[in-house]
Amino acid sequence: MSAGRASRPVVRRLADAETVARAGAGEWVRLFRAARAKGRRFRVALAGGSTPRRLYGTLAAEPFAGMWEPAGVDFLFGDERAVAPDAAESNYRMAREALLDPVRAPAARVHRMEAERDDLDAAARDYEASLARVCGTRPRDAGGPPPSLDLVLLGLGPDGHTASLFPHAPALRESARWVVAADAPPPPLLPQARRLTVTFPLLRRAAMVVFLVEGESKAARLAEVLDGPADPERLPAQGVAPVAGRLVWLVDRAAASKLVHAPVVDG
Ligand code: 6PG
């Protein structure tokens, strides 16, 4: 794997989950406006899991809902579980319920990962083609580099995974593909073993990556990721290191409670 340790991240310590969501919504609106000022749509990869639900709800409610327009966004995804799109475990379903339906996102602007397909490798390749099409760049199989997304939202799993990049998984060492099929540890530890996930090569090209981390249960793992020695094979979240973009961690007080060395700013 050529991804190194995430370097010089900004860690924003926020009072609680509500302020984390508002801070995330603020970044979203700022980046949305920057993309629109350039005359193009805002390209964002949504995160799964449960933490982003509050951010999505915040974006769909006033005052934030009035600050951006869903028709000016291409909604992409960072990972998906191999379930039907209406299954309880589906990341798409969570995003649809919390954000896409409430804001009436046009169907043509929503680009979900088809992880319910039998051939996950083909689904991953098709998603790479979608990324190139949405971003107006050369497809990977025509030699194109990974596109640069405006914003990638990520979470931190209890084992240090992010997106569906799990400790010691082959996907961590992927150097060419932008999206691959991956395996999570089997249930019940995590809801669904088979996944699709973006890879480090795509994440490294992002203009901005925002991690959302909340709760005391994440504190020790977050301290390992941000304060501990670099070991992205064991702690995949450490491997997210945008080469020319920004890396921001939005963490609530409880999750930040074990940080010692990380460059934390309050608010
Ligand atoms: C998934 C994810 C995963 C998630 C983290 C944090 O599909 O499970 O995308 O990487 O973001 O596990 O999940 P929580 O927000 O539920 O803690």
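Refer to the structure presented above.
Attention in this report is confined to the structure presented alongside it. Computed from a predicted model, the values in this text were never measured in an experiment.

### So, the pattern of salt bridges
Pairing between side chains of opposite charge can happen when the charged atoms of each approach one another. Counted under the stated rule, the structure contains 25 salt bridges. The salt bridge involving D101 is made with R96; its shortest N-O contact spans 3.0 Å. For R96, a relative accessible area of 23% puts it in the partly exposed group. Via salt bridges that share partners, D121, R125, E128, R140 and R177 belong to a single interconnected network.

### Section: the nonpolar core
Counting residues in hydrophobic clusters, the biggest one holds 85 residues, and the most contacted among them are W28, L46, Y56, W68, F75, L99 and W249. If near-sequence neighbours (up to four positions away) are discounted, F75 is found in contact with W28, V44, L46, W68, P70, L99, L100, A105, R109, V110 and H111.

### Remarks on helix α6 (residues 219-227)
Regarding α6, the residues found buried are A219, L222, A223, V225 and L226. Looking straight down α6, one finds that the buried residues subtend no more than 165° of arc, so they occupy a single side. Of the surrounding elements, those touching the buried residues of α6 are β1 (10-14), β8 (208-213), β9 (246-252) and α7 (253-256).

### Details of the site of the ligand
Looking at the ligand, there are 15 residues lining it, with T51, D79, R81, A163 and K218 nearest. One of the side-chain nitrogen or oxygen atoms of R195 is found 3.2 Å away from an oxygen atom of the ligand. Within the side chain of K218, one N or O atom sits 2.6 Å away from an oxygen atom of the ligand. Relative to its free-state accessible area of 420 Å², the ligand is covered by the protein chains to the extent of 90%.

### So, the pairing of β9
For β9, the tally of buried residues reaches six of seven residues, placing the bulk of the element in the interior. Strand direction decides the pairing type here: β1 and β9, joined by five bridges, are parallel. Across the sheet, the residue bridging to R12 is L250, located in β9. Strand direction decides the pairing type here: β8 and β9, joined by six bridges, are parallel. By the bridge assignment, F211 is partnered in β9 with W249. The β-α-β motif built from β8, the intervening α6 and the parallel element β9 has right-handed crossover chirality.

### A short note on helix α4 (residues 120-135)
The terminal C-alpha atoms of α4 lie 22 Å apart, and with 16 residues this matches the ideal 22 Å at 1.5 Å per residue to within 8%. Within α4 the residues assigned to the buried category are L120, A123, A124, Y127, E128, S130, L131, A132, V134 and C135. Residues of α4 that are buried sit in contact with β2 (42-46), β3 (73-77), β6 (179-183), β7 (194-198) and α5 (200-204). With its phi angle positive at about 65°, G136 sits one or two positions after the end of α4.

### A word on the side chain of R81
Position of R81 relative to the elements: it lies in strand β4 (residues 79-81). Of the side chains with opposite charge, E80 lies nearest to the buried R81, which makes no salt bridge, at 5.3 Å. A polar side-chain atom of R81 sits 2.8 Å from the main-chain carbonyl oxygen of E89.

### Looking at the sheet that holds β4
Read from one edge to the other, the open sheet built from three strands follows the order β4-β7-β6, with strand pairing classed as antiparallel. A strand with exactly one partner marks an edge of an open sheet, and here the two such strands are β4 and β6. In this sheet, neighbouring strand axes are inclined to one another by 20° on average, regardless of whether the strands run parallel or antiparallel. By the bridge criterion, three bridges tie β4 to β7 in an arrangement that is antiparallel. Bridge assignment links R81 to a residue of β7, and that residue is R195. Strands β6 and β7 of the sheet are contacted by α4, whose axis makes an angle of about 145° with β6.

### Concerning the packing of aromatic side chains
Under the counting rule described, the total for this entry stands at eight aromatic pairs. Ring geometry for W28 and F42: centres 5.3 Å apart, planes at 75°, overall edge-to-face. Here W28 is found in helix α1 (residues 17-37), whereas its partner F42 is found in strand β2, with 14 residues between them in sequence. Where W68 meets F75, the ring centres are 6.2 Å apart and the plane angle is 65°; that geometry is what we call edge-to-face. Across the pair, F75 and W68 agree in class, each one buried. An aromatic cluster of at least three residues, connected via ring pairs, comprises W28, F32, F42, W68 and F75. The residue whose ring lies beneath R112 is Y92, and the NZ or CZ to ring-centre distance is 5.6 Å.

Parameters and conventions
- Residues numbered from 1 in each chain as written.
- Predicted model: local features only at pLDDT ≥ 70, side-chain atom pairs only at ≥ 80, totals over all residues.
- Heavy atoms only, no water.
- Salt bridge = Lys/Arg side-chain N within 4 Å of Asp/Glu carboxyl O.
- Buried < 20%, exposed > 50% of the residue type's maximum accessible area, 1.4 Å probe, protein only.
- Core = buried A, V, L, I, M, F, W, Y, C linked by side-chain atoms within 4.5 Å.
- Contact = heavy atoms within 4.5 Å.
- Helix = DSSP H or I, 4+ residues; strand = E, 2+ residues; numbered from the N terminus.
- Arc of directions from axis to C-beta.
- Near = heavy atom within 4 Å.
- Polar contact = N/O pair within 3.5 Å; in protein donor to acceptor, adjacent residues only side chain to side chain.
- Areas by Shrake-Rupley, 256 points an atom, 1.4 Å probe, with all protein chains shown as cover.
- Pairing = 2+ DSSP bridges.
- Right-handed = clockwise from strand over helix to strand, strands pointing away.
- Expected span 1.5 Å × (residues − 1).
- Lys, Arg positive; Asp, Glu negative; His and termini not counted.
- Axes fitted to C-alpha atoms, helices over the stretch in contact; angles between N-to-C directions.
- Phe/Tyr/Trp six-rings, centres within 6.5 Å; stacked < 30°, edge-to-face > 60°.
- Lys NZ or Arg CZ within 6 Å of the ring centre and 35° of its normal.

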